[in-house]
Amino acid sequence: IALPPSEVPSKSKVVWEKFSHHSKFQRKLYHFGTFPQDFSWGVSSSAYQIEGGWDADGKGPSIWDVFTQTPGNTPADATGDVACDSYNRLDEDLYMLRALRVKSYRFSLSWSRIFPDGTRSSMNQKGVDYYNRLINGLLANKITPMVTIYHWDLPQALQDRGGWENVDMIDIFNDYCDFCFATFGDRVKLWMTINQPHSIAWLGYGLGTIPPSIKNPGISPYIVAHNLIKAHAKAYHTYDDKYRTSQGGLVSIALNADWIEPKDVNVLREVRAADRALQFQLGWFAHPIFKNGDYPDAMKWQVGNKSELQDLSESRLPSFTEEEKNYIKGTADMFCINHYTTKIASHVTGQLSPYSYEQDRDLSETEESDSPTTDIKNQRAVAWGLRRLLNWIKEEYGNPQIYIAENGVATKSSTMWDDSTRVFYYKTYIDEALKAYELDGVRVNGYIATSLMDSFEWLNGYKVGFGLHHVDFSNTNRPRTPKYSAHFYYYVIKDNGFPRPDDEKIYYYEKYINQVLKGIQVLSWNTFKTRAERKTKCSKMFYCLLVFLKRLRPRN
């Protein structure tokens with residue numbers, strides 16, 4: 001069912017109205033409870049970050065291979081050439097997953113390991129065999145595979161043909177997805193076509209900080225995003241038309257978003273700026289896919305007006321035809337969101353020159369200064385932002401089923417055991433997801449902790465780690481050891497959330513005992529003269545006792 005386009009600001013501004021006046025005490029109040037029994041607890045990884053074997057058994061080079069093998073691009077010239085060596089240590093990865101008792105494992109396929117030059121004609125059977133072993137190993141351990149088809153590591157051969165700026169990539173990507181659905185879809189039932197298209201478009205083609213390192217901030221990101229959205233939609237329809245009936249899987253796309261809080265919630269201009277920030281980051285992709293097949297009006301107006309002031313003949317934001325809008329809308333079976341932090345937005349008037357997606361937004365973003373810093377710059381731990389983001393998605397996109405597809409925090413790579421900051425991060429962020437589910441009615445279906453183990457962390461190399469397990473990268477055997485957070489997460493999964501502790505249950509039940517006793521006193525026998533009144537009184541007393549016994553029933 002197509003949803004109407006978002007207003008400016010969107011009706012989802014009710015989230016700020018509901019939550020932004022909360023006191024610090026209200027924000028940090030802990031909530032005890034549990035998730036539904038079928039809740040999907042998982043962990044994540046991605047191919048380039050863990051696999052290694054960069055040229056093993058016929059694998060072709062990816063843009064990340066070329067980028068990291070160029071001196072000066074990463075700290076200490078770190079590469080993913082070996083990384084965690086998961087290509088050769090699959091059994092060790094499966095052992096860790098089995099020990100955690102996770103229900104799902106999100107991993108990605110290396111495009112250039114399956115198709116070394118990016119196309120079907122170069123198919124590498126040994127690469128296919130590796131993923132078959134991984135998928136079969138997961139299923140043997142009763143772990144659901146959640147597969148990301150493309151997680152940033154484009155085959156270099158396709159970048160040489162223009163990468164995601166080339167419209168031909170839509171059909172090339174579709175053929176790759178078609179092969180993956182046909183080859184692995186009999187066992188894989190949860191698919192994500194692309195991971196963080198916003199990062200690909202803006203960091204890869206706007207700022208140029210990640211491969212393919214193109215710096216064209218006002219033009220290329222919009223072209224790339226346009227092609228990514230069309231590529232996702234085509235892959236979705238391919239699954240719909242050819243595989244859904246026989247395989248019965250679900251297909252989505254993994255989007256990323258910070259929560260954005262207005263600098264002053266009482267000033268409409270600042271609320272508009274916060275809403276605009278979310279539309280430019282999340283709505284850029286979610287609005288076409290989950291609403292009406294088109295970009296949000298906030299984007300179209302901003303980029304269109306800026307383009308006109310820049311004396312351009314048309315908007316730098318491409319447009320979809322009516323046929324394309326109908327083709328794109330509704331091309332996701334669930335909402336997959338990657339989330340790490342919260343920012344504060346304020347209205348500013350952006351520059352007209354040079355052209356820039358960042359300036360098109362007419363806003364500035366700063367850190368939420370009242371929250372702990374982490375070992376990655378500008379990525380503070382702001383747990384309360386997750387609840388608000390989940391509520392915003394609920395209001396904005398028609399209360400979809402949501403998977404938190406990535407969530408985690410970095411610590412120094414030297415942290416081998418005591419990652420208590422990560423434990424606190426998970427405890428508070430998961431609790432905010434629990435509040436969204438239990439208190440706000442958000443349909444949270446799963447939570448994926450990032451990540452299974454320390455790995456190659458993109459532009460941070462091996463300086464930091466997100467892992468529940470430490471990996472010794474100085475040892476050729478790459479030994480993995482669980483951190484404190486792995487033990488903590490194991491018990492969160494076992495308890496399915498945060499059931500009320502026994503010592504608090506005693507207080508909790510005493511309170512209801514007193515309420516029942518007071519009720520009985522009110523219903524004193526002498527109060528009732530007739531037989532009918534006594535019968536009614538007995539029924540009320542029995543009801544009070546039933547309520548009390550229900551409260552005593554263990555929740556875990």
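Refer to the preceding data block for the structure.
Attention in this report is confined to the structure presented alongside it. Keep in mind the model is a prediction, meaning the values are calculated, not measured.

Here is what the cut-offs are and how they apply
- Residue numbers run consecutively from 1 along every chain, following the written order of its sequence.
- Whole-chain, interface and lining totals are the exception, using all residues; otherwise, since this is a predicted model, local features are given only for residues with pLDDT of at least 70 and side-chain atom pairs are given and counted only at 80 or more.
- Values reported for side chains reflect all heavy atoms of the structure, with hydrogen atoms and water molecules removed beforehand.
- Whenever a carboxyl oxygen of Asp or Glu lies within 4 Å of a side-chain nitrogen of Lys or Arg, that contact is scored as a salt bridge.
- Exposure categories follow from relative accessible area, calculated using a 1.4 Å probe and restricted to protein chains: below 20% of the type maximum is buried, above 50% is exposed, and the middle band is partly exposed.
- Starting at the N terminus, helices and strands are each numbered in turn, a helix being any DSSP run of H or I of at least four residues and a strand any DSSP run of E of at least two.
- In this description, contact between two residues means that some pair of their heavy atoms is separated by no more than 4.5 Å.
- Positive: Lys, Arg. Negative: Asp, Glu. His and the chain ends are not part of the count.
- Interaxial angles span 0 to 180 degrees and are taken between N-to-C directions of axes, which are lines fitted to C-alpha atoms, for helices over the stretch in contact.
- Comment on the angle field: the value is read as roughly parallel under 35 degrees, roughly antiparallel over 145, roughly perpendicular from 65 to 115, and oblique elsewhere.
- Handedness of a crossing follows from how the near helix is turned relative to the far one, being left-handed for an anticlockwise turn of less than a right angle and right-handed for a clockwise one.
- As a working rule, the residues Ala, Val, Leu, Ile, Met, Phe, Trp, Tyr, Cys and Pro are called nonpolar, Asp, Glu, Lys and Arg charged, and the rest polar, with Gly in that last group.

For the coordinates displayed, the defined rule picks out 35 salt bridges. Across the pair Asp-65 and Lys-59 runs a salt bridge whose closest N-O atoms are separated by 2.9 Å. Neither Asp-65 nor Lys-59 differs from the other in exposure class; each is buried. When the shortest N-O distance is used, the salt bridge between Glu-365 and Arg-361 registers 3.1 Å. Note on Glu-365: relative accessible area 31%, which makes it partly exposed. Judged by relative accessible area, Arg-361 falls into the buried class, the value being 9%. Sharing partners across several salt bridges, the network here consists of Asp-85, Arg-89, Glu-92, Asp-93 and Arg-480.

All right, on to the environment of His-470 then. Of note, His-470 is situated in strand S15 (residues 469-471). Beyond its immediate chain neighbours, meaning those up to four positions away, His-470 contacts Ser-413, Thr-415, Met-416, Asp-454, Pro-479, Arg-480, Thr-481 and Lys-483.

Positionally, Arg-478 belongs in the loop between S15 and strand S16 (480-482). Buried charged residue Arg-478 carries no salt bridge. Nearest counter-charge: Asp-85, at 6.7 Å. Discounting chain neighbours no more than four positions away, the residues touching Arg-478 are Val-82, Ala-83, Cys-84, Asp-85, Arg-89, Glu-92, Val-471, Asp-472 and Phe-473.

On to the packing of helix H5 (residues 90-100) against helix H7 (residues 125-140), then. Packing of H5 against H7 leaves a shortest axis separation of 10 Å and a crossing angle of 25°. Taken together, the axes of H5 and H7 are roughly parallel relative to one another. Between H5 and H7 lies a crossing of right-handed hand. On H7, the residues that touch Leu-90, Leu-94 and Leu-97 of H5 are Tyr-130, Arg-133, Leu-134, Gly-137 and Leu-138. A breakdown of the residues in the contact of H5 with H7 according to their chemical character gives six nonpolar, one polar and one charged.

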